[in-house]
Amino acid sequence: MKQHLIAIDLDGTLLTDKKTISNRNKHAIQKAREAGHIVCIATGRPYRASNMYYEELDLNTPIVNFNGAFVHHPLQKDFGFYHSPLELNTAKMIIETCEAFQVKNIMVEIIDEFYLRYYDQVLIETFTMGESPIKFGNLHHILTDHPTSILIHPQDDHVKELKNLLRDAHAEVIDQRVWGAPWNVIEIVKAGLNKAVGLQKIANYYSIPKERIIAFGDEDNDLEMIDYAGVGVAMENAIPELKTLANATTLTNEEDGIAEFLEGYLSI
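Predicted, not measured: the structure shown is a model, and the values here were computed from it. (Residues numbered from 1 in each chain as written. Predicted model: local features only at pLDDT ≥ 70, side-chain atom pairs only at ≥ 80, totals over all residues. Heavy atoms only, no water.)

Undergrad: Explain the packing of aromatic side chains here, please?
TA: The way to describe two aromatic rings as a pair is by their centre distance and the angle between their planes. Enumeration over the complete set of coordinates arrives at seven aromatic pairs. When the centroid spacing of 5.6 Å and the interplanar angle of 80 degrees are considered together, the rings of phenylalanine 79 and tyrosine 82 count as edge-to-face. Between phenylalanine 216 and phenylalanine 261, the aromatic rings sit 5.7 Å apart at their centres with planes inclined by 80 degrees, giving edge-to-face as the arrangement. Highlighted residues: phenylalanine 216 in strand E12 (residues 213-217) and phenylalanine 261 in helix H11 (residues 257-265), separated in sequence by 45 residues. We note that phenylalanine 216, like phenylalanine 261, is buried. (Phe/Tyr/Trp six-rings, centres within 6.5 Å; stacked < 30°, edge-to-face > 60°. Helix = DSSP H or I, 4+ residues; strand = E, 2+ residues; numbered from the N terminus. Buried < 20%, exposed > 50% of the residue type's maximum accessible area, 1.4 Å probe, protein only.)

Right, dumping it as structure tokens:
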């Protein structure tokens with residue numbers, strides 16, 4: 001079989017609910033690579049929260065982070081360094097709007113550094129692998145560089161209103177997604193960015209045509225990637241929109257769905 005590029009989302013896709021990689025999935029990925037296929041990670045996570053899985057799989061490929069806002073090759077500089085941050089002034093206007101809504105917290109990320117409006121140990125342990133922020137406090141004053149993304153944790157009854165307000169005010173320069181319960185987080189990145197943008201850079205690097213790209217995902221931040229790939233695969237636990245868009249559906253992230261599909265499709 002001709003060489004394929006296999007793009008894998010992490011949470012809800014490769015990872016179990018306990019945030020581990022199963023032995024069967026790991027073995028299938030290894031077998032795919034031994035057969036000459038290329039495996040990469042495409043995630044909404046920052047690199048600092050995904051590099052442990054990159055190393056566990058012993059990958060040597062570029063990685064898509066922040067849903068396409070940061071794409072690089074950890075081992076080879078010749079790939080390039082693609083960072084597409086929000087404009088600082090836009091970020092500060094968004095922060096001011098959030099302050100007016102008295103949101104629970106705001107996290108601003110710049111590649112692998114992050115800043116918090118309010119120090120929150122639970123949030124730190126949940127979203128940052130236990131690492132403490134560079135600084136916390138008045139982000140309007142702290143922030144001096146263009147941010148990769150902004151995560152907003154609004155009051156539960158303000159999610160829709162704040163999302164609509166940000167869309168109306170900044171629709172031309174930002175893209176936003178809403179995470180599900182229990183966090184109801186609004187994630188802001190520069191307009192036009194998604195995992196497909198990053199995956200296309202990797203496909204071009206390896207000269208892999210779209211029809212030989214396999215992509216796995218489960219959430220709305222995987223929609224563009226699943227649509228872009230020649231073989232878009234939704235997990236059984238995926239949102240309905242993704243299943244409708246995908247070319248195929250595999251088992252859940254708890255049932256080794258990635259291995260189930262790769263073993264059959266690639267005959268490994």
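Undergrad: It is not clear to me how the side chain of lysine 92 should be interpreted in this structure. Could you clarify?
TA: Relative to the elements of secondary structure, lysine 92 occurs in helix H4 (residues 88-100). The charged side chain of lysine 92 is buried without a salt bridge, its nearest counter-charge being glutamate 96 at 8.0 Å. Residues contacting lysine 92, with those up to four places away along its chain left out, are His140 and Leu143. (Lys, Arg positive; Asp, Glu negative; His and termini not counted. Salt bridge = Lys/Arg side-chain N within 4 Å of Asp/Glu carboxyl O. Contact = heavy atoms within 4.5 Å.)

Undergrad: Whenever I open this one, the pattern of salt bridges confuses me. Can you help?
TA: Close approach of charged atoms allows side chains with opposite charge to pair. One pass over the structure, following the stated rule, counts 13 salt bridges. Between arginine 45 and aspartate 11 there is a salt bridge whose closest N-O contact spans 2.7 Å. Here the residue arginine 45 occupies a position in the loop between strand E2 (38-41) and helix H3 (51-56), and aspartate 11 occupies one in helix H1 (residues 10-14), the gap between them amounting to 34 residues. A salt bridge links lysine 243 to glutamate 236; the nearest nitrogen and oxygen atoms lie 3.0 Å apart. The class for lysine 243 is partly exposed, based on a relative accessible area of 28%. Through salt bridges with shared partners, one network takes in Asp9, Lys195 and Asp222.

Undergrad: Any chance you could explain H4 here in plain terms?
TA: Counting along an α-helix, one turn takes 3.6 residues, and residues three or four places apart therefore face a common direction. If you check H4, its first and last C-alpha atoms are 19 Å apart, about what 13 residues at 1.5 Å a residue would give, namely 18 Å. What H4 keeps buried is the set Leu88, Thr90, Ala91, Lys92, Ile94, Ile95, Thr97 and Cys98. Where H4 terminates, the next one or two residues include glutamine 102, which has phi positive at roughly 50 degrees. (Expected span 1.5 Å × (residues − 1).)

Undergrad: Before we go on, may I ask you to explain the sheet that holds strand E11 (residues 186-190) in this structure?
TA: Within a sheet, neighbouring strands are paired by backbone hydrogen bonds and run either parallel or antiparallel to one another. Strand order across the open sheet formed by six strands is E8-E7-E6-E9-E11-E10, with mixed pairing between neighbours. Both outer strands of the open sheet, strand E8 (135-136) and strand E10 (174-178), are each paired with one neighbouring strand and no more. Where strand E7 (residues 113-116) meets E8, two bridges bridge the pair, whose relative direction is parallel. For tyrosine 115, the partnering residue across the bridge sits in E8 and is lysine 135. (Pairing = 2+ DSSP bridges.)

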